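Survey of secondary and tertiary structure
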Amino acid sequence: MLGYLFPGQGTVRVGMGAWMRRRPAARERLDQVDALLTRPITPLCARGPLDRLVATEHAQVAVTACNLAALAVLEEEGYEPAVVAGHSVGELTALHAAGVLDLAATVRLVETRARLMAGVGATGGMRAVMGLPVERVEELAEAASAPGEPAVVGLENAPGHVVVSGAPPALDRVTALATDANKVVPLQVGNAFHSPLMADAVPGWAQAVRAAPMRAPRVPVVPNVTGEPTTDLATLREALIAQLTGRVLWTRTVAAIEACAPGVEVGDSKVLTGLSRRAEARCLSMSDPGTLRRLAKAVAA
């Protein structure tokens, strides 16, 4: 059995999903996703341009399409997860993998989430703080915040890899307050995700999540905002709503997966694999051509 980890929006790039077109199951899944969307996403994944692909309304859909296609490959190979989790928007694919959401509901929710978050407007940004413990980054964010200009820890990605989300002036102050400004890296994102600045998107998102048809999960899911495995459907639904403004506890999530099974990054990305290594956890990436062979060995072990 395996722990499935689904990547999020920050993993988009032109050409993503190309290897999946060589697998019939993945190609069929990509075609299914395109048919369910208001506008097909795979042409944009293949050819760009990059500035359109990385826009929130497209990036979240593109990552989800590739996650779903990679999942189809694992299903074709006969694998089943023991536990699942997804980074930010990847949590929706995790819920699909656990049987909570069917394919159509997954695609509809991702499209809605992307539209709502893009609709908030460019009110903030995000910066990765490298090499500092989360407690110190929390202190920096608190010291940098001002009325109407918040800064919060948005993502605990791994030991020494923490992302601050907030208003641009507050982010500038975080950089100025850091002992080594070179450790603060701006992220190419359109807003302050996982922060109070996304509050305007919450009412519409909560309405969409509560209206979506969901079933009890077949396997435990580790929500971003708790970092604890659960099979309780009400908890999963509320955690999905809270995730929009809540902190992504990815370090804790990886530990929960590691306690259950070896991890595999299910998508066209190696980002979560790298974060897992920072946390000294086992993880293989579906982007690596040798992963299926290594998975067979890992499962046998």
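Described below are features of the structure shown in this document. Bear in mind that the values here come from a model prediction, so they are computed numbers and not experimental data.

Scoring rules and cut-offs
Residues numbered from 1 in each chain as written. Predicted model: local features only at pLDDT ≥ 70, side-chain atom pairs only at ≥ 80, totals over all residues. Heavy atoms only, no water. Salt bridge = Lys/Arg side-chain N within 4 Å of Asp/Glu carboxyl O. Helix = DSSP H or I, 4+ residues; strand = E, 2+ residues; numbered from the N terminus. Buried < 20%, exposed > 50% of the residue type's maximum accessible area, 1.4 Å probe, protein only. Phe/Tyr/Trp six-rings, centres within 6.5 Å; stacked < 30°, edge-to-face > 60°. Pairing = 2+ DSSP bridges. Axes fitted to C-alpha atoms, helices over the stretch in contact; angles between N-to-C directions. Contact = heavy atoms within 4.5 Å.

**Remarks on the pattern of salt bridges**
This structure, assessed with the given rule, holds 13 salt bridges. Residue E75 pairs with R29 through a salt bridge whose shortest N-O separation is 3.6 Å. With E75 in helix 4 (residues 56-76) and R29 in helix 1 (residues 24-36), this pair connects stretches of sequence that are 46 residues apart. We classify E75 as partly exposed; its relative accessible area is 42%. Here E258 and R282 are joined by a salt bridge, their closest N and O atoms 3.1 Å apart.

**Brief notes about the packing of aromatic side chains**
A full pass over the atoms with the stated rule returns one aromatic pair. Ring geometry for Y4 and F6: centres 6.3 Å apart, planes at 80 degrees, overall edge-to-face. Neither Y4 nor F6 differs from the other in exposure class; each is buried.

**A word on the sheet that holds strand 5 (residues 161-166)**
Spatial ordering of the open sheet is given by 4-5-3-6, a layout of four strands whose pairing is antiparallel. Two strands close off the open sheet at either side, each with one partner strand: strand 4 (151-158) and strand 6 (184-186). Shown here is a sheet whose adjacent strand axes are inclined to one another by a mean of 30 degrees, direction ignored. Sheet analysis places strand 4 next to strand 5, joined by six bridges and oriented antiparallel. Each bridged residue has a counterpart across the sheet, and for L155 the counterpart in strand 5 is V163. On top of the sheet, helix 8 (residues 168-177) reaches strand 3 (125-130), strand 4, strand 5 and strand 6; it is set at about 15 degrees to strand 3, its chief contact.

**Concerning unusual backbone geometry**
P49 follows G48 through a cis peptide bond whose omega is 10 degrees. One non-glycine residue with positive phi stands out, namely S88, at about 55 degrees. Checked against the element boundaries, S88 lands in the loop between strand 2 (81-86) and helix 5 (90-97). The exposure class assigned to S88 is buried, which follows from its relative accessible area of 11%. The backbone of H194 shows a phi angle near 60 degrees, a positive value even though the residue is not glycine. The buried category is assigned to H194, whose relative accessible area is 2%.

**Some remarks on the sheet that holds strand 7 (residues 263-265)**
Spatially, the four strands line up as an open sheet ordered 2-1-7-8, and their pairing is parallel. Looking at strand neighbours, the two that pair on one side only are strand 2 and strand 8 (283-285), the edges of this open sheet. Direction aside, the axes of adjacent strands within the sheet are offset by 25 degrees on average. Pairing of strand 1 (residues 2-6) with strand 7 involves three bridges; the strand directions are parallel.

That's the geometry; what it means functionally is another story.
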